[in-house]
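Commentary on secondary and tertiary structure
Residue strings, one per chain:
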Amino acid sequence: MSNRPMTLTVAAAVMALEGTTALLLGGYVGVETVIGRPSDLMSSIAVAAFGIIIGAALLWVGWGMIRSERWARSPGVLTQIFAIPVSITLIQSDQRVIGISLIALAMIGLVTLLSPPTTHALYGDQD
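Our subject in this report is the structure included herewith. The structure displayed is predicted, hence computed values, not measured ones.

**What about the pattern of salt bridges?**
By the definition in use, this model includes 2 salt bridges. Arg67 is the salt-bridge partner of Glu69, the closest N and O atoms lying 3.6 Å from each other. The residue Asp94 makes a salt bridge to Arg96 at a minimum N-O spacing of 3.1 Å. Assessed through its relative accessible area of 57%, Asp94 is described here as exposed. Given the relative accessible area of 47%, Arg96 is considered partly exposed.

**Comments concerning helix α4 (residues 96–114)**
A rise of 1.5 Å per residue sets the reference length of α4, with its 19 residues, at 27 Å; its end C-alpha atoms lie 26 Å apart and thus fit the reference within 8%. Within the sequence span of α4, burial applies to Gly99, Leu105, Ala106, Gly109, Leu110, Thr112 and Leu113. Where α4 is buried, its residues contact α1 (6–35), α2 (41–66), α3 (73–92) and α5 (116–123).

**A word on the side chain of Thr112**
Note on placement: Thr112 falls in helix α4. Overall, the relative accessible area of 10% leaves Thr112 in the buried class. If we ignore the near neighbours within four places in the chain, the residues touching Thr112 are Thr7, Val10, Ala11 and Thr118.

**Thoughts on the packing of α1 against α4**
Relative orientation of the contacting elements α1 and α4 amounts to 145 degrees, with a least axis distance of 8 Å. The element α1 and its partner α4 pack so that their crossing is left-handed. Taking contact as the criterion, the partners of Thr7, Val10, Ala11, Val14, Leu17 and Glu18 in α1 are, on α4, Leu102, Leu105, Ala106, Ile108, Gly109, Thr112 and Leu113. In terms of residue class, the contact of α1 with α4 is made up of 9 nonpolar, 3 polar and 1 charged.

**Some remarks on the side chain of Ser115**
Relative to the elements of secondary structure, Ser115 occurs in the loop between α4 and α5. We classify Ser115 as buried; its relative accessible area is 10%.

Criteria and thresholds
Residues numbered from 1 in each chain as written. Predicted model: local features only at pLDDT ≥ 70, side-chain atom pairs only at ≥ 80, totals over all residues. Heavy atoms only, no water. Salt bridge = Lys/Arg side-chain N within 4 Å of Asp/Glu carboxyl O. Buried < 20%, exposed > 50% of the residue type's maximum accessible area, 1.4 Å probe, protein only. Helix = DSSP H or I, 4+ residues; strand = E, 2+ residues; numbered from the N terminus. Expected span 1.5 Å × (residues − 1). Contact = heavy atoms within 4.5 Å. Axes fitted to C-alpha atoms, helices over the stretch in contact; angles between N-to-C directions. Left-handed = near helix turned anticlockwise from the far one by under 90°. Nonpolar A, V, L, I, M, F, W, Y, C, P; charged D, E, K, R; others polar.

Structure, rendered in structure tokens:
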């Protein structure tokens, strides 16, 4: 059995959900770019590539959390911090359900990543 605290497991699940969502959205834009007629082909390709790359990176960070790797905490925290203004923009754009869901997920991610059990699991007693 692993010594990984539940907080780190929850943080990894948050990262996995965010990563999977970004990956699927990037893939969707990619498929729509191929089968549709985008008004700006280069922008559509860039958005698709960005979603796929970011999604894969977030899944990699989540995998690092599952393995209790120290390096995974910083990109995880930064992701949650960046998600907050995105959430606010979504809420202000009348996409309240998505925005509120994302801000709730970001807050759960931040709380679990910055919690004492996670800190102890990743860094131990650093006196």
